[in-house]
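# Survey of secondary and tertiary structure
For reference, the chains in residue letters:
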Amino acid sequence: MSSAPSQPGRRRFLNGAAGAAGGALLLSLGVGFTARQAAALPANALRPPGALAENDFLGACIRCGLCVRDCPYDTLKLADPADQVAAGTPYFEARKVACEMCDNLPCVKACPTGALDHKLTDISKARMGLAVLVDQETCLNFLGLRCDVCYRVCPVIDRAITLQRRHNERSDRHAMLIPTVHSDACTGCGKCEKSCVLEEAAIKVFPIALAKGMLGRHYRKGWEEEEKAGGSLIGDQTQLPARRPEDSPLPRGVLK
Amino acid sequence: MNAPGAVRPASGATGKSMPLQPGHEAIASKGWLGAHKWLIARRLVQFTVLGLFLAGPWAGIWIVKGNLSSSLTLGVLPLTDPFVLLQSLAARHWPAAAALTGVVIVMLFYALVGGRAYCSWVCPVNVVTDSAAWLRRRLGIKTGKVPSSATRWWLLGGLLLASAATGMTVWEFVNPVSMAHRAIIFGGSAAWLVVIAVFGYDLLVANRGWCGHVCPMGACYATLGRASLLRVSAASRSACNDCMDCFVVCPEPQVIRPALKALNGAGPIIQFPECTNCGRCIDVCSKNVFRYAHRFDQRSA
């Protein structure tokens, strides 16, 4: 109160500080929200092998591009601010250039922060995404032809993609060989999408979160439980007699 | 536009007719080269750093890989930017060994030569904002409003909080500094808009606005260099003729006065962490008041 001379200076300082603080914190908030919105990954953008889950990745990746530099096939690129991928982060588009799945994982080794997890040492364990045969109406194998290209180019052939035989209902005399993806082996390299012969690929690789469903945690599969327990969990079941006219044959598959 | 008042602040100086541009007297007494020595050195260093990064993608000579956020030199020397790694830490990611080693090396280096030496000797945006400041001076632009120079400190803190809240390195979504460098080295078009925005801001809205008031990266480096060994000293301060040229060219003019005018018995060393050690004051002083020194060098005349 008494030391009047210092007061105007102090007030000016406090006003200035409040202004700076308010402005800066508002800007931080804005940037935070912008980041949240910009963090959504489009369906056709895939992260390099070993990338942490997307949210963790955006906290860990410092956007230096060392993975891009060490990719021998120029598959990876850094996102431009105009792209839909978070600016400066590495990604690839399978339809343009697929991952060649180098055995020595140069991109992972180059990452200085571990945004590409250095614990990944076997490329076949990479999960960059998951292939999904999205369009059964245009896939040539679904039309009854023998294209098989996605199956043939798959680096994990016969495990990540298998051909499942099915009766062709249309011709009623031929077989269809349906490309079928198995998530326990598919690395998401994108070779299948890249090689699909259609104008627009019928098989696409999506980020795992987009491609994969999840069972309820409490679900149990009866047949697996039965095998684990070495027998039925609910004891012997009473067989009820099938009611039918005396001489009509049993439908196939029904127990006598 | 050519009135002297358009290009210099009211100085309360001696009333003799003053030259148009700062450094005029220095050029007369030391020659053009002598009055631009450190500026030329700085541009050389800045463009050499860029050249080292570009030699790989342009000529296939891989000396330095990566960018200023993190790089690897000759396959052995990792260097990592402290502010981007701080954001990552705030986002609760513990970085791998290379990034940690890199950040320790960078921190030790700038703790020695002055944190903001990064700003004036390495950062590519410095060329942009220096040009804007030069043009603003030339055109006599006085418009706009300068934010408090404390904004950067609050922004530094606010962005680390935002990183912690979102789990992401939030500033890197918009950071003009890393965007500019990435655009130069990795290509990219939209990033240039951000650089143009910074140029326009400094030219039309706030004199030395970006680097001197807003940039939280600069604030982080300033913190690093708080006790740096290399400093600018107003060693021959008694020779000062109050021409004000150093204040006009200095990107952080508030740092000069205590050392130059011996306020409250201050020594000749410019102690403020905001000083970028750019050496422009050394260049433009016709009386050779300033020189580089170490922080314990209290000799003055």
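For the rest of this paragraph, the subject is the overall build of chain B. Per the secondary structure count, chain B includes 14 helices and 5 strands. Here chain B has a C-alpha radius of gyration of 20 Å; the compact-globule value for 301 residues is 19 Å, and the two agree. The dimensions of chain B, computed from C-alpha atoms along their principal axes, are 60 × 40 × 40 Å. A buried classification covers 53% of the 301 residues belonging to chain B. Partitioning the contacts of chain B with sequence separation of at least 6, the portion at a separation of at least 24 is 73%. Element-wise, carbon and sulfur atoms account for 69% of the exposed surface of chain B, whose accessible area totals about 12,600 Å². With 27 positive and 11 negative side-chain charges, chain B shows a spacing of 1 Å between the two charge centroids.

A separate point is the packing of helix H2 (residues 37-59) of chain B against helix H8 (residues 176-186) of chain B. Residues and elements named next belong to chain B. Packing of H2 against H8 brings their axes to within 9 Å, and their N-to-C directions diverge by 40°. Taken together, H2 and H8 sit at an angle that is classed as oblique. Contacts from Leu-50, Phe-53, Leu-54 and Pro-57 of H2 reach H8 at His-181, Ile-184 and Ile-185. Along the lines of polarity and charge, the residues of the contact of H2 with H8 split into 6 nonpolar, 1 polar and no charged.

Moving on, we get to the side chain of Arg63(A). Along the polypeptide, Arg63(A) turns up in the loop between helix H2 (54-60) and helix H3 (66-70). Despite its burial, Arg63(A) pairs with no opposite charge; the closest candidate is Glu172(B), at 5.9 Å N-O. A polar contact is formed between the side chain of Arg63(A) and the backbone oxygen of Ala87(A), at a distance of 2.6 Å. Polar contacts involving the side chain of Arg63(A) include one to the main-chain carbonyl oxygen of Glu172(B), which spans 3.2 Å. In this structure, Arg63(A) is in contact with Leu58(A), Leu78(A), Ala86(A), Ala87(A), Gly88(A), Thr89(A), Asn67(B), Thr169(B), Glu172(B), Phe173(B) and Arg182(B), ignoring residues within four places of it in sequence.

Within chain A, residue pLDDT values average 88, and 93% of them lie at 70 or more. Confidence drops under a pLDDT of 50 for residues 1-5 of chain A, and excluding neighbours within four residues, the segment shows 1 contact in the predicted structure.

Listed by partner, the interface residues are 40 residues for chain A and 45 residues for chain B. Counting the surface lost from both chain A and chain B, the interface buries some 3,100 Å², and carbon and sulfur atoms represent 70% of this. Contact with chain B buries surface across chain A, with Ile62(A), Arg63(A) and Arg69(A) losing the most and accounting together for 21% of the total. Scanning the region where chain A abuts chain B turns up 1 salt bridge. For Lys65(B), the salt bridge goes to Asp70(A), with nearest N and O atoms at 2.6 Å. The interface formed by chain A and chain B contains 12 residue pairs in polar contact (both at pLDDT 80 or more).

With that out of the way, let us pick up the sheet that holds strand E3 (residues 77-80) of chain B. In a beta sheet, neighbouring strands are held together by backbone hydrogen bonds and run either parallel or antiparallel to one another. Residues and elements named next belong to chain B. Strand order in this open sheet of 3 strands is E1-E2-E3, and the pairing throughout is antiparallel. The strands lining the two open edges of the sheet, one partner per strand, are strand E1 (64-67) and E3. Between one strand axis and the next, the sheet turns by 10° as a mean value, whatever way the strands run. Relative to E3, strand E2 (residues 70-73) is paired through 4 bridges, and the arrangement is antiparallel. Bridge pairing in E3 links Thr-73 to Leu-77. The sheet contacts of H2 involve E1 and E2, and relative to E1 the element is tilted by about 105°.

Below, the discussion takes up the environment of Glu93(A). When you line up the elements, Glu93(A) lands in the loop between strand E2 (90-91) and helix H4 (106-110). A sequence separation of 17 residues divides Glu93(A) from Leu76(A), and the C-alpha atoms of the two residues are 8.4 Å apart.

As a further point, take the environment of Ser29(B). As for its position among the elements, Ser29(B) is in helix H1 (residues 24-34). Placed 88 residues apart in sequence, Ser29(B) and Ala117(B) show a C-alpha to C-alpha distance of 27 Å.

Further remarks concern a nonpolar patch on the surface. All names here are of chain B. Together, Ile-27, Trp-32, Leu-33, Ile-40 and Leu-44 make up a nonpolar patch on the protein surface, roughly 500 Å² of accessible area in all. Where the nonpolar patch is concerned, the elements lending two or more residues are H1 and H2. The dominant element in the nonpolar patch, judged by the number of residues it contributes, is H1, at 3 residues. If you trace the backbone, Leu-33 turns up in helix H1. Using a relative accessible area of 60% as the deciding quantity, one classes Leu-33 as exposed.

A few words on the environment of Pro42(A). Residue and element names in this part refer to chain A. Looking at the secondary structure, you find Pro-42 in the loop between helix H1 (6-38) and H2. Overall, the relative accessible area of 17% leaves Pro-42 in the buried class. Placed 81 residues apart in sequence, Pro-42 and Ile-123 show a C-alpha to C-alpha distance of 24 Å. Aside from chain neighbours lying at most four places away, what touches Pro-42 is Gln-84, Val-85 and Pro-207.

Thresholds applied
- For every chain, the first residue of its written sequence is number 1, and the numbers climb from 1 along that sequence.
- Each chain is given a letter, starting from A, and each ligand a number, starting from 1, according to the order in which they appear as written.
- Note on the predicted model: pLDDT of at least 70 is required for a residue's local features to be given, and 80 or more for side-chain atom pairs to be given and counted; whole-chain, interface and lining totals, by contrast, use all residues.
- Water and hydrogen atoms were dropped before computing side-chain values, which therefore reflect all heavy atoms in the structure.
- A run of DSSP states H or I qualifies as a helix once it reaches four residues; a run of E qualifies as a strand once it reaches two. Both are numbered from the N-terminal end.
- Only C-alpha atoms enter the radius of gyration; for comparison, a globular chain is expected to reach 2.2 Å times N to the power 0.38, where N is the number of residues.
- Throughout this description, buried means an accessible area under 20% of the type-specific maximum (1.4 Å probe, protein chains only), exposed means over 50%, and partly exposed covers the range between.
- Throughout, a contact is declared for two residues whenever any of their heavy atoms are within 4.5 Å.
- The Shrake-Rupley method, run with a 1.4 Å probe, gives the accessible areas here. Residue values count only the displayed protein chains as cover.
- When charges are counted, neither His nor the chain ends are considered; positive counts come from Lys and Arg and negative counts from Asp and Glu.
- Lysine's charge is taken at NZ, arginine's at CZ, aspartate's at CG and glutamate's at CD.
- The axes used here are C-alpha line fits, helices contributing only the stretch in contact, and every angle between their N-to-C directions lies in the interval 0 to 180 degrees.
- Each angle gets one of four labels, with under 35 degrees taken as roughly parallel, over 145 as roughly antiparallel, 65 to 115 as roughly perpendicular, and the rest as oblique.
- Three classes are used: nonpolar for Ala, Val, Leu, Ile, Met, Phe, Trp, Tyr, Cys and Pro, charged for Asp, Glu, Lys and Arg, and polar for all others, with Gly counted as polar.
- Salt bridges are defined as contacts in which a side-chain nitrogen from Lys or Arg sits within 4 Å of a carboxyl oxygen from Asp or Glu.
- Under the rule applied, a polar contact is a pair of N or O atoms within 3.5 Å (in protein, one hydrogen donor and one hydrogen acceptor; residues adjacent in sequence only if both atoms are side-chain atoms).
- Known as pLDDT, the predictor's per-residue confidence is scaled from 0 to 100.
- Here the buried area means the combined drop in accessible surface, using a 1.4 Å probe, for two parts upon being joined, counting both sides.
- Pairing between two strands requires that DSSP report at least two bridges joining them.
- Patch definition: residues with relative accessible area over 30% and no salt bridge; like charges joined within 9 Å; nonpolar side chains (Val, Leu, Ile, Met, Phe, Trp, Tyr) joined within 5 Å.

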